[in-house]
Amino acid sequence: MHPHNWLVALNADTGQERWVYKAGVGPNSQRQHQTCRGVSYLPPEGGVEGAPEVQNIGRPAEDQPPVSCDAHLYLPTADARLLALDPETGARCEGFAQQGELDLMHNMPYTQSGFYYSTSPRWWPTGW
Amino acid sequence: MAAGDPYWLVSVAGHPAADTGVETAARAAITFGGVWALCGLALLGSLLNSPHTIEGRLGEQVVNEQPDLGESPEADWLAWGRSNLGQRYSPLGQITPDNVGQLEEAWRYQTGDTKQPDDTGETTYEATPLKVGNTLYLCTPITGWWP
């Protein structure tokens, strides 16, 4: 199986991978779209200028235990989850929803797989 | 002419029903040709005539020297449309229409997240990466990366 919905952090100068988070979304022919248009970024409390250096993580970012996050990255998945990740290491943010994972199907009346999911980045009206 | 005869249209147009086959066919051809000609004229007229179009020209004078570009630092792209204002506009000025032709590939990255046989047909690469400081963040599926 080749799961989709990865979040990749690259060195902008060299294109080198810093870390990769694989959200483990399997294929589903019921989905109309299999795509991801982007992720969202919430700057740290002290402003984006004070953001710590992004680390080079040698192993799959999804294997790391959840951490406490200052800045957040938000990844929508094709299986109707919203993941919050630490921009520094790619680890899930323990303070967001269920250990970094928000189930977008919660309380939805129709839960048939592939019928609802998100392909677009979230938008934050305040907090910048 | 019998009921159900295909030339009943010609009869409705006012010609006697007792024409010979050849005359009836000729009249049918004229009628159909006339209808097609009318349709053609209407089509041509609608192509050349656009009642909802408003002609105009965007002004080129600078209205605001220092527009609000949102809270994203100049060199960063912190949201899908660069900032929360979603303007998709970068204020950086090093690359210009004059020198853009001199750009060369700096690097290329392949994520490896490719469309699989059991994926839905509409599996596409549509990601806009974010840039925070010296790091790019992008999500997949993606089949290639062009800097």
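The shown structure was predicted, so the numbers you read here are calculated from the model rather than taken from an experiment. (Residues numbered from 1 in each chain as written. Chains lettered and ligands numbered in written order. Predicted model: local features only at pLDDT ≥ 70, side-chain atom pairs only at ≥ 80, totals over all residues. Heavy atoms only, no water.)

### Brief notes about the sheet that holds strand E2 (residues 17-25) of chain A
Part 1 of the reasoning: The strand order E2(A)-E1(A)-E2(B)-E1(B) describes an open sheet built from four strands, whose pairing is antiparallel. The sheet terminates laterally at E2 of chain A together with strand E1 (130-132) of chain B, the two strands that pair on one side only. Averaged over all neighbouring strand pairs, the angle between strand axes comes to 15 degrees, with direction disregarded.
Part 2 of the reasoning: In this structure, E1(B) lies alongside strand E2 (residues 135-139) of chain B, joined through three bridges in antiparallel fashion. Along E2(B), the bridge assignment pairs Val132(B) with Thr135(B). (Pairing = 2+ DSSP bridges. Helix = DSSP H or I, 4+ residues; strand = E, 2+ residues; numbered from the N terminus. Axes fitted to C-alpha atoms, helices over the stretch in contact; angles between N-to-C directions.)

### Things to note about the state of the cysteines
Part 1 of the reasoning: All told, the structure shown has two disulfides over all chains when counted by the stated rule.
Part 2 of the reasoning: The disulfide bridge from Cys36(A) ends at Cys139(B), spanning 2.0 Å between sulfur atoms. One quick way to see it: the torsion about the S-S bond of Cys36(A) and Cys139(B) is about -95 degrees, and its sign makes the bridge left-handed. Remark: Cys139(B) occurs in strand E2 and Cys36(A) occurs in the loop between E2 and strand E3 (40-42); the pair is interchain, linking two chains. Accessibility assignment for this pair places Cys36(A) and Cys139(B) in one class, buried. (Disulfide = S-S within 2.5 Å. Buried < 20%, exposed > 50% of the residue type's maximum accessible area, 1.4 Å probe, protein only.)

### What to know about the confidence of the model for chain B
Part 1 of the reasoning: Per-residue pLDDT for chain B has a mean of 82; in total, 78% of the residues score no lower than 70.
Part 2 of the reasoning: For residues 142-147 of chain B, every residue scores under 50 in pLDDT, and the model assigns this stretch 22 contacts once sequence neighbours within four places are set aside. (pLDDT = per-residue confidence, 0-100. Contact = heavy atoms within 4.5 Å.)

### Description of the pairing of E2(A)
Part 1 of the reasoning: Relative to E2(A), strand E1 (residues 4-11) of chain A is paired through six bridges, and the arrangement is antiparallel. When the sheet's bridge partners are listed, Trp6(A) is paired in E2(A) with Lys22(A).

### A closer look at a nonpolar patch on the surface
Residue and element names in this part refer to chain B.
Part 1 of the reasoning: Taken together, Leu 43, Leu 44, Leu 47 and Leu 48 make up a surface patch of nonpolar side chains, about 470 Å² in accessible area.
Part 2 of the reasoning: Along the chain, the position of Leu 48 falls in helix H2 (residues 21-48).
Part 3 of the reasoning: Using a relative accessible area of 71% as the deciding quantity, one classes Leu 48 as exposed. (Patch = residues over 30% accessible without salt bridge, like charges linked within 9 Å, V, L, I, M, F, W, Y side chains within 5 Å. Areas by Shrake-Rupley, 256 points an atom, 1.4 Å probe, with all protein chains shown as cover. Salt bridge = Lys/Arg side-chain N within 4 Å of Asp/Glu carboxyl O.)

### Some details on the nonpolar core
Part 1 of the reasoning: Leu7(A), Trp19(A), Leu73(A) and Tyr137(B) are the most contacted members of the largest nonpolar core, which totals 36 residues.
Part 2 of the reasoning: Residue assignment for this core shows that the elements contributing at least two residues are E1, E2, E3, strand E4 (72-76) and strand E5 (81-85) of chain A together with E1 and E2 of chain B.
Part 3 of the reasoning: Excluding its chain neighbours within four sequence positions, the residues that come into contact with Leu73(A) are Leu7(A), Trp19(A), Val39(A), Ser40(A), Tyr41(A), Leu83(A), Ala84(A), Leu85(A), Pro87(A), Leu130(B) and Tyr137(B).
Part 4 of the reasoning: Of all hydrophobic cores here, the second largest spans nine residues; its members include Val8(A), Leu10(A), Val20(A) and Leu138(B). (Core = buried A, V, L, I, M, F, W, Y, C linked by side-chain atoms within 4.5 Å.)

### Things to note about the side chain of Arg92(A)
Residue and element names in this part refer to chain A.
Part 1 of the reasoning: By the secondary structure assignment, Arg 92 is in the loop between E5 and strand E6 (101-103).
Part 2 of the reasoning: The side chain of Arg 92 sits in the buried core without any salt bridge; Glu 101 is the nearest counter-charge, 4.9 Å away.
Part 3 of the reasoning: At 2.9 Å, the side chain of Arg 92 forms a polar contact with the side chain of Tyr 21.
Part 4 of the reasoning: What Arg 92 contacts, discounting residues up to four positions off in sequence, is Tyr 21, Glu 62, Gln 64, Pro 66, Val 67, Cys 69, Ala 84, Leu 85, Gln 99, Gly 100 and Glu 101. (Lys, Arg positive; Asp, Glu negative; His and termini not counted. Polar contact = N/O pair within 3.5 Å; in protein donor to acceptor, adjacent residues only side chain to side chain.)

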